[in-house]
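# Results of the structural survey
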Amino acid sequence: MGADDVDSTVPDRIDLAALLDAFALPSQGATLCRHGNGRIHASYRLSAGGTQYLLQRLNTHVFADVHAVASNVQRVTEHLAARRRASGVLRSRRSLQLRLTDAGQPLHTAADASCWRPSLFAPGSRSPDSPPTPRQVPEPARCFGQFPHRMACLARTPPATPI
């Protein structure tokens with residue numbers, strides 16, 4: 001990877017080679033560019049091996065225990081995927097699809113103590129600061145409202161507290 005593989009909007013301190021290695025992603029032709037403004041986590045669009053990922057640096061100032069965040073997200077995404085498979089729904093875009101580290105973990109802690117997680121990038125995804133049209137304003141609330149229903153049959157073990 002050369003200096004041209006990382007977009008100029010990406011901070012210099014990101015060790016892309018180490019991140020690719022941690023998640024067992026191919027380095028040849030890999031590219032990284034900023035994605036949206038990242039209100040909580042810094043978000044980047046990563047292209048590696050012909051696959052697009054959303055790579056996020058988790059905000060350790062907001063979440064005291066980012067490993068609890070990662071564990072909770074992994075638990076929820078696995079639960080949603082199992083529900084989809086059980087109902088015969090094969091569409092994968094309905095929920096996040098994590099890329100685990102080479103060691104099978106949902107989070108990688110870099111040498112500088114930053115914590116990273118990639119997930120498959122949903123084609124056509126955007127990250128607007130505000131809804132582009134008034135008709136889109138209620139959509140996040142609708143999705144948020146469906147979430148408790150989808151989680152109702154999740155094991156009763158409480159999630160980890162990340163804050």
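### What about the pairing of strand 3 (residues 51-58)?
In terms of residue burial, strand 3 counts as a mostly covered element, since 6 of its 8 residues are buried. Relative to strand 3, strand 2 (residues 42-48) is paired through 7 bridges, and the arrangement is antiparallel. Directly across from Ala-42, in strand 3, lies its bridge partner Arg-57. Between the antiparallel neighbours strand 2 and strand 3 lie 2 residues, among them Gly-49 with a positive phi of about 60 degrees. Bridge count for strand 3 against strand 5 (residues 115-120) is 6 bridges, and the pairing is antiparallel. When the bridges of strand 5 are listed, Gln-56 appears paired with Arg-117.

### With respect to the side chain of Arg-57
Position of Arg-57 relative to the elements: it lies in strand 3. Buried and without a salt bridge, Arg-57 has Asp-112 as its closest oppositely charged side chain, separated by 6.9 Å. Residue contacts for Arg-57: discarding those within four places in its chain leaves Arg-13, His-41, Ala-42, Tyr-44, Ser-114, Cys-115 and Trp-116.

### Side note on the sheet that holds strand 4 (residues 108-109)
Here 5 strands make up an open sheet; going across it, the order is 1-2-3-5-4 and the pairing antiparallel. Strand pairing shows two members of the sheet lacking a second neighbour, strand 1 (31-34) and strand 4, which therefore form its edges. Pairing of strand 1 with strand 2 involves 4 bridges; the strand directions are antiparallel. Residue pairing for strand 2: Cys-33 is matched across the bridge by Arg-45. Across the sheet, helix 2 (residues 66-86) lies against strand 3, strand 4 and strand 5, angled at about 15 degrees from strand 5, the strand it touches most.

### What about the packing of aromatic side chains?
Here the structure, examined in full by the defined rule, presents 1 aromatic pair. Between Tyr-44 and Trp-116, the aromatic rings sit 5.9 Å apart at their centres with planes inclined by 40 degrees, giving tilted as the arrangement. Here the residue Tyr-44 occupies a position in strand 2, and Trp-116 occupies one in strand 5, the gap between them amounting to 72 residues. Pair check on accessibility: Tyr-44 and Trp-116 agree, each one buried. For Arg-45, the ring lying beneath its charged end belongs to Phe-121, and the centroid distance is 3.9 Å.

Basis of the calculations
Counting starts from 1 at the beginning of each chain's written sequence and moves along it residue by residue. It should be noted that, the model being predicted, local features are given only for residues of pLDDT at least 70 and side-chain atom pairs only at 80 or more, the latter also being counted only at that level, while totals for whole chains, interfaces and linings use all residues. Calculation of side-chain values draws on the structure's entire complement of heavy atoms; hydrogens and water are dropped beforehand. Using a 1.4 Å probe on the protein chains alone, a residue whose accessible area is under 20% of its type maximum counts as buried, one over 50% counts as exposed, and one in between counts as partly exposed. For the purposes of this entry, the term helix denotes a DSSP run of H or I that reaches at least four residues, the term strand denotes a run of E that reaches at least two, and both are numbered from the N terminus. Strand pairing is defined by DSSP finding a minimum of two bridges between the two strands. Just so you know, the count uses Lys and Arg for positive and Asp and Glu for negative, and it drops His and the chain ends. What counts as a salt bridge is simple: a side-chain nitrogen of Lys or Arg found within 4 Å of a carboxyl oxygen of Asp or Glu. Contacts were defined at the residue level, with two residues in contact if any of their heavy atoms lie within 4.5 Å. Inter-axis angles, ranging from 0 to 180 degrees, are taken between N-to-C directions of lines fitted to C-alpha atoms, where helices are fitted over the stretch in contact. The rule is short: rings of Phe, Tyr and Trp, with Trp giving its six-membered ring, pair when the centres are within 6.5 Å, and they are stacked under 30 degrees, edge-to-face over 60, tilted in between. A ring is scored as having a charge over it whenever the NZ atom of a lysine or the CZ atom of an arginine sits within 6 Å of its centre and within 35 degrees of its normal.

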